Amino acid sequence: MNDFYERLDNALGAVVGFLWGPPLVTLLVGGGLFFLLYSRLLPYRHLPDGVRLLFSGPDRDDEGTLSHFQALSTALSGTLGMGNVAGVAVAISVGGPGAIFWMWVSALVGIATKFYTCTLAVMYRGRDSEGTLQGGPMYIIREALGPRWRPLAYFFALAGLLGTMPIFQINQLTEVVRVAIAIPAGWTAGDAHFGFDLLFGLILAALVLVVVAGKLPRIGKVTGVLVPAMIVGYLLLTAVTLFSHADQVGPALMLIVRDAFTGEAAAGGVLGAVIITGIRRAAFSNEAGIGTEAMAHGAARTGEPVREGLVAMLGPIIDTLIVCTCTALVILISGVWESGDDNGVSLTLAAFEALFVDHSGILVAVLVGVLSLSTVVTFWYYGAKCLGFLIGARHQHHYVWFYLCLVVIGSVASLDLVIKVLDSMYALMALPTMLAALRLAPRVNQAARTYFQQRPREGN
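Below or above, wherever it landed, is the structure these notes cover. The structure presented is a predicted model; accordingly, all values stated were derived computationally and were not measured.

Here's the deal with unusual backbone geometry
Phase 1 of the analysis: Of note in this structure, arginine 40 is not a glycine but carries a positive phi near 55°.
Phase 2 of the analysis: The residue arginine 40 is located in the loop between α2 (22-38) and α3 (42-45) in this model.

Comments concerning α2
Think of an α-helix as turning once every 3.6 residues; residues three or four places apart then point the same way.
Phase 1 of the analysis: Over its 17 residues, α2 extends 22 Å from the first C-alpha to the last, a length consistent with the 24 Å expected when each residue adds 1.5 Å.
Phase 2 of the analysis: Here α2 has its buried residues at Leu24, Val25, Leu27, Leu28, Val29, Gly31, Gly32, Phe35 and Leu36.
Phase 3 of the analysis: Two residues or fewer past α2, arginine 40 is found with a positive phi of approximately 55°.

Some points on the pattern of salt bridges
Phase 1 of the analysis: Throughout the structure, instances matching the rule amount to three salt bridges.
Phase 2 of the analysis: The partner of aspartate 49 in a salt bridge is arginine 52, with the nearest N and O atoms 2.4 Å apart. With aspartate 49 and arginine 52 both in helix α4 (residues 47-54) and three residues apart, this pair spans about one turn of that helix.
Phase 3 of the analysis: According to the relative accessible area criterion, arginine 52 is partly exposed, its value standing at 48%.
Phase 4 of the analysis: The salt bridge involving glutamate 143 is made with arginine 142; its shortest N-O contact spans 2.8 Å.
Phase 5 of the analysis: The partly exposed category is assigned to glutamate 143, whose relative accessible area is 38%.
Phase 6 of the analysis: Among the residues examined, arginine 142 registers a relative accessible area of 22% and is labelled partly exposed.

Some thoughts on the side chain of threonine 433
Phase 1 of the analysis: With respect to the helices and strands, the residue threonine 433 is situated in helix α21 (residues 415-454).
Phase 2 of the analysis: Since its relative accessible area comes to 4%, threonine 433 is described here as buried.
Phase 3 of the analysis: Among the polar contacts listed, one links the side chain of threonine 433 to the backbone oxygen of isoleucine 290, at a separation of 3.0 Å.
Phase 4 of the analysis: Setting aside anything within four residues of it in sequence, one finds threonine 433 in contact with Thr117, Pro137, Phe156, Gly289, Ile290 and Gly291.

About the criteria used
- Residues numbered from 1 in each chain as written.
- Predicted model: local features only at pLDDT ≥ 70, side-chain atom pairs only at ≥ 80, totals over all residues.
- Heavy atoms only, no water.
- Helix = DSSP H or I, 4+ residues; strand = E, 2+ residues; numbered from the N terminus.
- Expected span 1.5 Å × (residues − 1).
- Buried < 20%, exposed > 50% of the residue type's maximum accessible area, 1.4 Å probe, protein only.
- Salt bridge = Lys/Arg side-chain N within 4 Å of Asp/Glu carboxyl O.
- Polar contact = N/O pair within 3.5 Å; in protein donor to acceptor, adjacent residues only side chain to side chain.
- Contact = heavy atoms within 4.5 Å.

Here it is as structure tokens:
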């Protein structure tokens, strides 16, 4: 059995290495840079407009399910959580501190990518087989690009069905609860923890079922409350930690920048590995160009696509430039990344406990646990939406039982194997999302010109 898992792990590693090669990195970063220049820096120039629109209410006659704020919260709930805590730790473990710099680069261009993809998600919404208005890359391709592009829509839906599995979030949530709470309390031993992991997975499956039974409106309400509260709580915790070690923040930032161009801290000292690791983890963190964000924002209750694009572009700023940077600084200042075998969320927990106070891991576990659960319920919505596109919306409710099984599997799965599967699917999701957005970019520019000519003051 161990030999089988080793061969499977090696095979998936080869697939990930191939998919996340220079062509895909160029497509994501180069595509985002193209959007930024093609729009004449429009996303940067209108960031304040996005903030104001975030708190504006929808027009009474607008179609859709979620407010701007709920749509962004739902999208953020799919990105904030383990991608910001465990994903950053994985990036530093594999690519060194310099990987964080390339996460920043990916986020900066990802602002423009999200503006384009999420504007298109509202501009080209379509009806599913039950007549419900839906958004996302598969509907963008179907509604805007015609029959010849239709196979690409199904390609995205299939990759999205697999890429939005909850296994990584559940795996790391189980670990953080085990390490921070269960082992210190004596509920389980350090090595013999399968029974605890399985029981915890069953409890999580029951919690997920309660939330997803209310479908998207309940998810929007839950994430609209939990995500902002947990972001503030996590940022307060990191702020206290960093302020108490303020003299080390500057050197840590310099280490990130210096290592980004040398690769000295990465395995083998290969600069290309640092860049690819950073961009790969940024894609997992903020999902710009992957397509999941378009599914959330495509459900916004708005009749103006550009408005939703302006709100959506705030995602990479909150997710990667702020939250991921805070996590990275805590890990680097603690020094635990240079010693020990911790990886993923256990590395972040060790960093907080080294810098903050004893049992601070419990606080991290609670905050990250809530964010992780919000990610899991949002991913159910994404997966069900992809399944509905593939086989018909009337059948998508069956997905919940498959999804609950994945929650239980995730609690006992191998971290390395999980990361490689999801990395592969994210790469495949990015291809149709970015290709369609690049093809339709002129229509977004035209819509933006019309919007700003008609509404010179945002929020009207």
